[in-house]
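If you want the building blocks of each chain, they are given just below.
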Amino acid sequence: MTHVFHRTPGNPLPVAVGGSGAYITDETGKRYIDACGGAAVSCIGHGDVRVLEAIQQQMAQISYAHTSFFTSNAAEALADHLCAATPLPLDKVYLVGSGSEAIEAAIKMARQYHVERGEPSRRLVISRHQSYHGNTLGALSVGGNPPRRKPYAPFLLEEPKIEPCFAYRYAHAGESANDYANRAANLLEDKIRELGPENVIAFLAETVVGATAGAVAAEKGYFQKIREICNRYGVLLILDEVMCGSGRTGSFLACEQENVAPDILTLAKGLGGGYQPIAAVMCSKDVYETITGGSGSFVHGHTYSAHPLVCAAALAVQQIIHDDALIDNVIARGDQLRERLLARFGNHPHIGDVRGRGLLQAIELVEHRDTKEPFSSGRKIGAAIKKSAMEIGLMIYPGSGTIDGTSGDHILLAPPYNVDQDTIDLIVEKLGHAVDAALGGQ
Ligand code: PMP
């Protein structure tokens, strides 16, 4: 009998008691390779004493100081570090406790920006189907994951959505990557015109789609076109890098690889690496100055914003990524992971696609490889693979993005940035066994 809500009879869950590097150990002594970082969180692995020391040092100084009274050295140093880590003109950092909180803050920043500029009619956020931006009501409203939205539909704002840039599912046969990128981006312009630019505050997208579609990067040029369209209509561009940011895809921000600077950007998982709950909203000087030049401050806040202990932990994690040159390892091991996945699954009858960037990679599961027909949702194939994987000591992250029967289940892999070569080989070997076991030897 347990009083823990998330441990149910249908989902009994092992008890985690230890963690070291890429491994988690349960109370029976069984070890699991953390091939997905939980939900793409654990970026420097588990049990790094350098983070423990940073938290202890901060605790010896000050654990908590409310942001309406104080800033802290830890928050200042973390914000400096994040702004220096990217060449993009993101100038200010608003620190919160989770990815959903970051999205809520990003949307409210965009709204206040337009209010301060004297355009209060602007209120709509355009986002994309097959996206995930969090589970709080505002974040769920702008997210495009139907199963997560369904029970709460009456509470949600019906925010407008467009199709994502997802070549495997939506590019036409014979269409060039460039033509598809333009066609997908033009959907935004059509939507802005349909709604009236005077009603739109922002376009929100994950730079690389994580949980809902499975490591889907846009075609080259898509985000540049999106940026042009946003500029044309005075619509802010918000990029959600809660999952794909903080080095996960091989650059500190995933949008650096797109040569696109957003107005507002969210970070979370790899920011604290799971050592403490933290998220950040980075914004341009224009957004910051417009908001603070009007009513004087951002009309928002949380009790635990910029919590000093949490900031100290995140700063230590970011320092480790820098000092240990982990983004170089993300690139090298990401290439290896992709190669191994293609070798193992490239001709598999039920794997339709292998895709991703850096150490955010996925396989998409299909009933028929040729037609790309997904498994029926009742088959719960992703959950079955997760169960088989856990039995053999492998953590993987299954997901499903079905909106209209066109998109299937996927398995997301996101090992720590310091994963070694042998562990990558073992992940793919074990994943192969888990997939075959769940498919019943098909
Ligand atoms: N945005 C993205 C892209 C995410 O992947 C997630 C979490 N999976 C969130 C927002 C929400 O973050 P959290 O679960 O920390 O609220």
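Here the structure is a predicted model, which is why all the values come from computation and not from measurement.

## What about the overall build of the protein chain?
- Per the secondary structure count, the protein chain includes 15 helices and 17 strands.
- Relative to the 2.2 N^0.38 estimate, which gives 22 Å for 442 residues, the radius of gyration of the protein chain is 21 Å and therefore close to what a compact globule would have.
- C-alpha atoms of the protein chain, sized along the principal axes, occupy 65 × 60 × 45 Å.
- For the protein chain, with 442 residues in total, the buried portion stands at 52%.
- For the protein chain, contacts bridging at least 24 residues in sequence account for 74% of all contacts bridging at least 6.

## Section: the pairing of strand 7 (residues 200-206)
- Here strand 7 lies mainly inside the structure; seven of its seven residues are buried.
- Relative to strand 7, strand 5 (residues 124-128) is paired through three bridges, and the arrangement is parallel. Each residue of the ladder has a partner; that of Leu124, found in strand 7, is Val200.
- Relative to strand 10 (residues 236-241), strand 7 runs parallel, the two sharing five bridges. Bridge pairing links Ala205 to Leu239 in strand 10.

## Thoughts on the sheet that holds strand 11 (residues 264-267)
- Read across the sheet, seven strands follow the order 4-12-11-10-7-5-6 without closing on themselves; strand pairing throughout is mixed. This sheet does not close on itself; its edge strands, each paired only once, are strand 4 (92-96) and strand 6 (161-162).
- Bridge count between strand 11 and strand 12 (residues 279-283): four bridges; the pairing is antiparallel. For Leu267, the partnering residue across the bridge sits in strand 12 and is Ala280.
- In the packing of helix 3 (residues 73-85) onto the sheet, the strands contacted are strand 4 and strand 12, and the crossing angle to strand 4 comes to about 125 degrees.

## Considering the site of the ligand
- Close contacts around the ligand come from 15 residues, with Ser98, Gly99, Ser100, Gly134 and Val242 the closest.
- The element that contributes the greatest number of residues to the shell around the ligand is helix 4 (residues 99-116), accounting for three residues.
- Within the shell around the ligand, the residues separate by chemical class into seven nonpolar, six polar and two charged.

## Topic: the sheet that holds strand 1 (residues 16-20)
- The strand order 1-2-3-15 describes an open sheet built from four strands, whose pairing is mixed. At either margin of the open sheet sits one strand with a lone partner, and together these are strand 1 and strand 15 (394-395).
- By the bridge criterion, four bridges tie strand 1 to strand 2 (residues 23-26) in an arrangement that is antiparallel. Bridged to Gly18 within strand 2 is Thr25.

## Structural notes on helix 2 (residues 49-61)
- Helix length check: helix 2 (13 residues) gives 19 Å between terminal C-alpha atoms against 18 Å at 1.5 Å per residue, within 8%.
- Those residues of helix 2 lying buried are Val51, Ala54 and Gln58. With its buried residues spanning 60 degrees around the axis, helix 2 presents them on a single face. For helix 2, exposure combined with an orientation more than 90 degrees from the buried face picks out Val49, Glu53, Gln56, Gln57 and Ala60.
- Where the residues of helix 2 are buried, they touch helix 3 and helix 12 (308-323).

## Regarding the packing of helix 3 against helix 12
- Direction vectors running N to C along helix 3 and helix 12 enclose 35 degrees, while the axes themselves pass 8 Å from each other. Here the hand of the crossing between helix 3 and helix 12 comes out left-handed. On helix 12, the residues touching Ala74, Ala75, Ala77, Leu78 and His81 of helix 3 are Pro308, Cys311, Ala312, Ala314, Leu315 and Gln318.
- When its residues are assigned to classes, the contact of helix 3 with helix 12 shows nine nonpolar, two polar and no charged.

## Here's the deal with unusual backbone geometry
- Not every positive phi belongs to a glycine, and Gln130 is a case in point at roughly 55 degrees.
- Position of Gln130 among the secondary structure elements: in the loop between strand 5 and helix 5 (137-142).
- For Gln130, a count of 27 C-beta atoms within 10 Å gives the class buried.
- Positive phi outside glycine occurs at Ala215, with the angle close to 55 degrees.
- Position of Ala215 among the secondary structure elements: in the loop between strand 8 (208-209) and strand 9 (216-217).
- Taking the C-beta count within 10 Å as the criterion, Ala215 has 31 such neighbours and is therefore assigned buried.

## Quick look at the domain arrangement of the protein chain
- When its domains are assigned, the protein chain resolves into domain 1 (16-47 + 325-438) and domain 2 (52-323).
- Taking only C-alpha atoms, the centre of domain 1 and the centre of domain 2 are 25 Å apart.
- A per-element tally of the side of domain 1 that touches domain 2 places helix 13 (residues 326-345) first, with five residues.
- Counted by class, the side of domain 1 that touches domain 2 contains 16 nonpolar, 11 polar and four charged residues.

## A closer look at the confidence of the model for the protein chain
- Summing up the model confidence of the protein chain, the mean pLDDT is 95 and the portion of residues at 70 or higher is 98%.
- Here the predicted complex carries an ipTM of 0.99, next to a pTM of 0.98.

## With respect to the pairing of strand 2
- Where strand 1 folds back onto strand 2 in an antiparallel hairpin, the turn is made up of two residues, including Gly21, whose phi is positive at roughly 60 degrees.
- Where strand 2 lies against strand 3 (residues 31-34), three bridges are found, and the strand directions are antiparallel. Its bridge partner being in strand 3, Thr25 is matched across the sheet by Arg31.
- Hairpin remark: strand 2 followed by strand 3, antiparallel, with four residues in the connecting loop; positive phi at Gly29, about 95 degrees.

Here is what the cut-offs are and how they apply
Residues numbered from 1 in each chain as written. Predicted model: local features only at pLDDT ≥ 70, side-chain atom pairs only at ≥ 80, totals over all residues. Helix = DSSP H or I, 4+ residues; strand = E, 2+ residues; numbered from the N terminus. Rg over C-alpha atoms; globule rule 2.2 N^0.38 Å. Buried ≥ 20, exposed ≤ 12 C-beta atoms within 10 Å, placed from the backbone. Contact = placed C-beta atoms within 7 Å. Pairing = 2+ DSSP bridges. Axes fitted to C-alpha atoms, helices over the stretch in contact; angles between N-to-C directions. Near = placed C-beta within 6 Å. Nonpolar A, V, L, I, M, F, W, Y, C, P; charged D, E, K, R; others polar. Expected span 1.5 Å × (residues − 1). Arc of directions from axis to C-beta. Left-handed = near helix turned anticlockwise from the far one by under 90°. Domains from an automatic or database assignment. pLDDT = per-residue confidence, 0-100.

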